[in-house]
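Commentary on secondary and tertiary structure
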Amino acid sequence: MTTHTQTGTVTDIAELRRLSARTRQLILETVHHAGAGHVGGPLSVADILVNLYFNRLRIDPENPGDPARDRCILSKGHSSIALYTVLALRGYLPVEELATFDAIDSRLQGHPDLRALPGLDMSTGSLGQGLSPGIGMALGARLAKLDFHTWVILGDGEIQEGQIWEAAFVASRYRLHNLTAIVDYNRLPQFGWPDASGFTRDEPIDDPGGKFAAFGWNVIEIDGHDHDALGGAFDAAVAHRDGPTVIVAHTIKGKGISFMEHEYNWHATPPDEQQLADAVAELQGALA
Ligand SMILES: Cc1ncc(C[n+]2csc(CCOP(=O)(O)OP(=O)(O)O)c2C)c(N)n1
């Protein structure tokens, strides 16, 4: 087995929290500057991405194409600005380049394009498709005798897509212990949940962990904003050797900014000047 050397790891919880706050600040500033982009989902997934990229993934920004590196697929690709921000803080691109987000020739498109930016492992955006290439990567690792781990981040709205459950079945059938899915379980998709009378905030289908368990997956449930819990869950997922693991990360859409939390209206609304100032003021304590 060939193993990748890990570089630049951060294990200190206070520093991980500070990186999360900095990530949130940059997400908000970038979307405000671009006048476009998603907000609620990126703020929801920020801690998961920070912990993965700084504390878990065996990666090296100097060698982004190493075949032995861990893989990470942001299947909920509309949250790209969170991923670009974490990649920038991790050294894959200059932080200043975030200002080009969503511009016509930018490497940082509204949805991730793996041909444009080293450090991206999959192009995503059409929801429901990220777990399947994750299976391909995990099977490829087995064939190539590489010990890398593949991580796939899913939205809870996204897992309404049937392809997710075809993939769940296949991953279990091949006992892919080198594959972990993380559900960003903020319980809010784009507009709430449609029903006969319009939109409701009551989920029609809950307990994603129970559903993955029915497909034979190992299930871990955690608070997806708690860096201690995230690190522990990632360790447990890698240690589990009998099939794939799903981490159901209980999160809050718009996390960190009081007037954005639990509000689907902030799914993809750029903050104006005053809203940005108010939001960054809320983050100040955590940035220190
Ligand atoms: C196949 C497909 N259908 C619809 C969309 C439009 N869309 C973008 S984000 C989104 C809601 C996703 O909700 P969720 O997965 O819960 O993400 P989060 O709440 O974390 O942003 C939708 C419907 C899409 N990108 N792909």
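Please refer to the structure placed before this passage.
These notes cover the structure that comes with them. (Residues numbered from 1 in each chain as written. Predicted model: local features only at pLDDT ≥ 70, side-chain atom pairs only at ≥ 80, totals over all residues.)

Focus on the environment of Ala-141
Put simply, the test is: Counting from the N terminus, the helices are DSSP H or I runs at least four residues long and the strands are E runs at least two residues long. We call a residue exposed when 12 or fewer other C-beta atoms sit within 10 Å of its C-beta, buried when the count reaches 20 or more, and partly exposed for counts in between; the C-beta positions come from the backbone. The contact criterion used is a C-beta to C-beta distance within 7 Å, with each C-beta placed from the backbone.
Position of Ala-141 among the secondary structure elements: in helix 4 (residues 131–144). Ala-141 sits in the buried class, given 22 other C-beta atoms within 10 Å. Expressed as a C-alpha distance, the spacing of Ala-141 and Ala-68, which sit 73 residues apart in the sequence, is 8.4 Å. In contact with Ala-141, not counting residues within four places along its chain, are Leu-146, Phe-148 and Asn-178.

Section: the site of the ligand
What counts is decided by this rule: For each residue, a C-beta atom is placed from the backbone, and the residue is labelled near a molecule or strand when this atom is within 6 Å of it. For this classification, the nonpolar set comprises Ala, Val, Leu, Ile, Met, Phe, Trp, Tyr, Cys and Pro, the charged set comprises Asp, Glu, Lys and Arg, and every other residue, Gly included, is treated as polar.
Close contacts around the ligand come from 20 residues, with Gly-41, Gly-155, Gly-157, Glu-158 and Pro-189 the closest. Among the elements that line the shell around the ligand, the one with the most residues is helix 2 (residues 40–56), at three residues. Per-class residue counts for the shell around the ligand are three nonpolar, 12 polar and five charged.

Details of the sheet that holds strand 6 (residues 218–223)
Two pairing modes exist for strands in a sheet, parallel and antiparallel, and in both the strands are linked by backbone hydrogen bonds. Definition in use: Any two strands with at least two DSSP bridges between them are considered paired. Fitted lines through C-alpha atoms serve as axes, helices being fitted only where they are in contact, and the angles separating the N-to-C directions of these axes extend from 0 to 180 degrees.
With parallel pairing, the five strands of this open sheet are ordered in space as 1-2-3-7-6. The open sheet terminates on both sides in strands that have one partner only, identified here as strand 1 (71–74) and strand 6. Taken over all neighbouring pairs, the strand axes of this sheet differ in orientation by 20° on average, direction set aside. Sheet topology note: the strand 6/strand 7 (residues 245–250) ladder contains six bridges and is parallel. If you follow Ile-222 over to strand 7, its bridge partner there is Ala-249.

Quick notes on the packing of helix 2 against helix 7 (residues 227–239)
Where we set the bar: What sets the label is the angle itself: under 35 degrees gives roughly parallel, over 145 gives roughly antiparallel, 65 to 115 gives roughly perpendicular, and the rest give oblique. Crossing chirality is assigned from the near helix's rotation relative to the far helix, an anticlockwise turn below a right angle marking it left-handed and a clockwise turn marking it right-handed.
Relative orientation of the contacting elements helix 2 and helix 7 amounts to 60°, with a least axis distance of 10 Å. One way to sum up the angle between helix 2 and helix 7 is to call them oblique. By crossing handedness, the relation of helix 2 to helix 7 is classed as right-handed. For the pair formed by helix 2 and helix 7, the contact residues are Asp-47, Ile-48, Asn-51, Asn-55 and Arg-56 on the first element and His-227, Leu-230, Gly-231 and Phe-234 on the second. Residues that form the contact of helix 2 with helix 7 fall into these classes: three nonpolar, four polar and two charged.

Observations regarding unusual backbone geometry
Phi is positive for Arg-175, close to 50°, though the residue is something other than glycine. Even without being glycine, His-262 reaches a positive phi, approximately 60°. Topologically, His-262 is positioned in the loop between strand 7 and helix 8 (273–287). For His-262, a count of 15 C-beta atoms within 10 Å puts it in the partly exposed group.

Focus on helix 2
In plain terms, the rule: Residue count minus one, scaled by 1.5 Å, sets the expected span of a helix. Note that bend, as reported per residue, equals the angle between axes fitted to the 7 residues terminating at that residue and the 7 residues originating from it.
Taking 1.5 Å of rise per residue, 17 residues should cover 24 Å, and helix 2 covers 24 Å from first to last C-alpha, within 8% of that figure. Within helix 2, the axis deviates most sharply at Ala-46, by approximately 45°.

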